[in-house]
Amino acid sequence: MQKTDVTIRAIAPGEELPMELLLLADPSPEMIASYIYQARVYVAEKDERLIGVYALTLTEPGRPEIRNLAVAEDFQGQGLGKLLLRHAIERARENGAERLLIGTGNSSVGQLYLYQKMGFEITAIRKNYFVQHYPAPLTENGIPCRHMLMLEMELGTGAAFRTAGGPDISPIT
Ligand code: ACO
């Protein structure tokens, strides 16, 4: 995948949400509905196809959270996840955020690897989050997914990533 062929942009008002992608990161349509309409949603587009998505929510002032991050299966492992994370970091920083949060399941070993490699640090655990919020038991990599691990990146100083940026956006509200 040539990174120059991919455009990352905010989803347009009234544009259909890329549910197929959102469901890759979060198997519950009900959970997605609980945050997606308050989120700022960005999509990665290549040849008029949406191949990636992330959603930024602002639950606390100055601390946005990436609530959903997904890359189409046939584009995974080609660097797009990293590109989307860098884009999110840049958008959050531009909007004056002090920290950026992301959460993932205790069983999501690849995602935990990626987020820590990008500079996020594990700061908290939401015990039994998936047991309480999801109707059916989740398993991944042969591991029961029960707890949400929260990771944070300090944006003021340490974050080492800069992107050329995509189309600009208005402040996250
Ligand atoms: N298992 C092992 N390694 C992984 C995984 C995985 N599941 N995902 C990414 N990596 C590693 C890659 O090997 C790569 O390592 P390297 O830099 O040492 O070469 C690095 O992470 C970055 O890889 P990318 O190619 O940028 O990642 P990709 O484009 O595949 O995107 C993502 C990663 C978003 C997790 C994608 O695999 C995906 O959509 N997975 C399904 C949905 C999902 O799990 N989303 C995250 C849920 S948490 C949340 O939404 C906040």
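Residues numbered from 1 in each chain as written. Predicted model: local features only at pLDDT ≥ 70, side-chain atom pairs only at ≥ 80, totals over all residues. Heavy atoms only, no water.

1. Points about the site of the ligand
What surrounds the ligand is a group of 24 residues, the closest being L69, G79, Q111, Y113 and K117. Within the contact set of the ligand, a nitrogen atom lies 2.7 Å away from a backbone nitrogen or oxygen of L69. Between the ligand and V71, the relevant distance is 2.8 Å, taken from an oxygen atom to a main-chain nitrogen or oxygen of the residue. In isolation the ligand has 950 Å² of accessible area, and contact with the protein removes 74% of it. (Near = heavy atom within 4 Å. Polar contact = N/O pair within 3.5 Å; in protein donor to acceptor, adjacent residues only side chain to side chain. Areas by Shrake-Rupley, 256 points an atom, 1.4 Å probe, with all protein chains shown as cover.)

2. Topic: the packing of aromatic side chains
Enumeration over the complete set of coordinates arrives at 4 aromatic pairs. An angle of 40 degrees between the planes, with centres 5.4 Å apart, marks the rings of F130 and Y134 as tilted. The exposure class assigned to F130 is buried, which follows from its relative accessible area of 10%. Among the aromatic residues, those joined into a cluster by ring pairs are Y129, F130 and Y134. (Phe/Tyr/Trp six-rings, centres within 6.5 Å; stacked < 30°, edge-to-face > 60°. Buried < 20%, exposed > 50% of the residue type's maximum accessible area, 1.4 Å probe, protein only.)

3. Here we look at the confidence of the model for the protein
For the protein, per-residue confidence averages 89 on the pLDDT scale, and residues scoring 70 or more make up 90% of the total. Confidence over residues 157-173 falls short of pLDDT 50; this stretch has 38 contacts with residues more than four positions distant or in other chains. (pLDDT = per-residue confidence, 0-100. Contact = heavy atoms within 4.5 Å.)

4. Observations concerning the pattern of salt bridges
Within the structure shown, the criterion is met by 12 salt bridges. The residue R9 makes a salt bridge to E15 at a minimum N-O spacing of 2.9 Å. The exposure class assigned to E15 is partly exposed, which follows from its relative accessible area of 25%. Between R63 and E60 there is a salt bridge, with the nearest N and O atoms lying 3.1 Å from each other. Salt bridges sharing common partners tie together E60, R63, R99, E152 and E154. (Salt bridge = Lys/Arg side-chain N within 4 Å of Asp/Glu carboxyl O.)

5. Description of unusual backbone geometry
One non-glycine residue, E48, lies in positive phi territory at about 65 degrees. On the secondary structure map, E48 appears in the loop between strand 2 (40-46) and strand 3 (49-60). Here N128, not a glycine, exhibits a phi torsion of approximately 60 degrees, which is positive. Within the fold, N128 resides in the loop between strand 6 (121-126) and helix 5 (129-133). Judged by relative accessible area, which is 23%, N128 ranks as partly exposed. (Helix = DSSP H or I, 4+ residues; strand = E, 2+ residues; numbered from the N terminus.)

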